[in-house]
Amino acid sequence: MQREQVNVIEEENLSAFEQSLKSNDTEEKIDIWFYRPIGFRIAQVCAKIGITPNAVTIISIFFGVAAGILFYYQELWINVIGMLLLVFANSLDSADGQLARMTDNKSRFGRILDGFAGDFWFASIHIAICLRSINEGWPEWLWVFCILAGVSHMLQSAMADYYRNVHLFFIKGKAGSELDNTRDLKVDYDALSWRKNFLASLC
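Residues numbered from 1 in each chain as written. Predicted model: local features only at pLDDT ≥ 70, side-chain atom pairs only at ≥ 80, totals over all residues. Heavy atoms only, no water.

### Overview of the overall build of the protein
Of the regular secondary structure elements, the protein holds eight helices and zero strands. In the protein, the proportion of contacts linking residues at least 24 apart, taken out of those at least 6 apart, comes to 68%. Summed over all atoms, the accessible surface of the protein reaches about 13,400 Å², with 65% contributed by carbon and sulfur. (Helix = DSSP H or I, 4+ residues; strand = E, 2+ residues; numbered from the N terminus. Contact = heavy atoms within 4.5 Å. Areas by Shrake-Rupley, 256 points an atom, 1.4 Å probe, with all protein chains shown as cover.)

Given below as structure tokens:
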């Protein structure tokens, strides 16, 4: 009897985990095997104590930026700490979306904030590595490659997210995708007031 109860609990946890994912066919293997399970546990804790998805995203920004700063130093042990912080920031990045789906607390602002979070992390990483390289004797024009790499990464991330949502839209429909269309965006925008809804209008 006790074993059956354990099996039921495990099945419920597995079902809750699967529901916290966008879609199995759009998830990368490292996410399914590593980041999503960790993110799911974090999301469960956050749901219990009332932490919102946007708060998790903001926390991830601090960890990701801190990771980037630690890549500036030449000491290996500091770099290793930076790597661990980056892994944790990625876990939080998984957790915010999973928490939003678990609690049905989704918002356009949350999606925008989530996109900016990764930009903050990788901007700090690119800048730190560039500064470190210049201190070690690389020429100043290395900044050109740093900026180009950063812009390229931002565009690649945005396009990957867009095509992922297009894929989900055709598989699951509007309810299963976070894809916006210009008609709905214009209707929502026209209903806002810059004075009363400044942040929403800005987004």
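Following the structure, the description resumes.
### A closer look at the packing of aromatic side chains
Scanning all chains against the criterion turns up seven aromatic pairs. A centroid spacing of 4.9 Å and a plane angle of 80° characterise the contact between F34 and Y35, whose relative ring orientation is edge-to-face. Judged by centre distance (6.3 Å) and plane angle (45°), the ring pair of W121 and F122 falls under tilted. Exposure remark for W121: the relative accessible area of 2% places this residue in the buried category. For F122, a relative accessible area of 25% puts it in the partly exposed group. (Phe/Tyr/Trp six-rings, centres within 6.5 Å; stacked < 30°, edge-to-face > 60°. Buried < 20%, exposed > 50% of the residue type's maximum accessible area, 1.4 Å probe, protein only.)

### Side note on helix α5 (residues 108-135)
Helix length check: α5, at 28 residues, gives a terminal C-alpha distance of 41 Å against a target of 40 Å (1.5 Å per residue), a fit within 8%. Three or more residues of α5 are buried, namely G110, L113, A117, G118, D119, W121, S124, I125, A128, C130, S133 and I134. Downstream of α5 by one or two residues, G137 has phi in the positive range, about 115°. (Expected span 1.5 Å × (residues − 1).)

### A few points about the environment of F71
Summarising the element assignment, F71 is placed in the loop between α3 (53-70) and α4 (76-103). Since its relative accessible area comes to 13%, F71 is described here as buried. Here the alpha-carbon distance between F71 and I125, two residues 54 residues apart in the chain, equals 6.8 Å. In this structure F71 touches N79, G82, M83, L86, I125, A128, I129 and R132, once residues within four positions along its chain are discounted.

### As for the environment of P53
Inspection of the secondary structure assignment puts P53 in helix α3. Of the residues examined, P53 reaches a relative accessible area of 7% and is grouped as buried. On a C-alpha basis, the gap between P53 and L99 in space is 5.9 Å, while along the polypeptide they are 46 residues apart. Residues within four places of P53 in sequence aside, it is in contact with D96, L99, A100 and N105.

### Brief notes about the environment of W143
Among the structural elements, W143 can be located in helix α6 (residues 142-172). When its relative accessible area of 27% is taken as the criterion, W143 is described as partly exposed. Filtering out sequence-adjacent residues up to four positions away, W143 remains in contact with I127, C130, L131 and I134.

### Examining the side chain of R36
Relative to the helices and strands, R36 is located in helix α2 (residues 29-49). Given the relative accessible area of 13%, R36 is considered buried. When neighbours within four sequence positions are excluded, R36 is seen to be in contact with F17, L21, E27, D31, S94 and Q98.

### Quick look at the side chain of S60
For S60, the location among the structural elements is in helix α3. A residue is classified by how much of its surface remains accessible, and S60, at 0% relative accessible area, is buried. Excluding anything up to four places from it in sequence, S60 contacts A89, L92, D93, A117 and W121.

### Comments concerning the packing of α4 against α5
Two elements in contact, α4 and α5, have axes separated by 10 Å at closest approach and are oriented at 165°. Judged by the angle between their axes, α4 and α5 are roughly antiparallel. The crossing of α4 and α5 is left-handed. Residues N79, L86, A89, N90, D93 and D96 of α4 pack against D114, W121, I125 and R132 of α5. For the contact of α4 with α5, the residue count by class is four nonpolar, two polar and four charged. (Axes fitted to C-alpha atoms, helices over the stretch in contact; angles between N-to-C directions. Parallel < 35°, antiparallel > 145°, perpendicular 65-115°, else oblique. Left-handed = near helix turned anticlockwise from the far one by under 90°. Nonpolar A, V, L, I, M, F, W, Y, C, P; charged D, E, K, R; others polar.)

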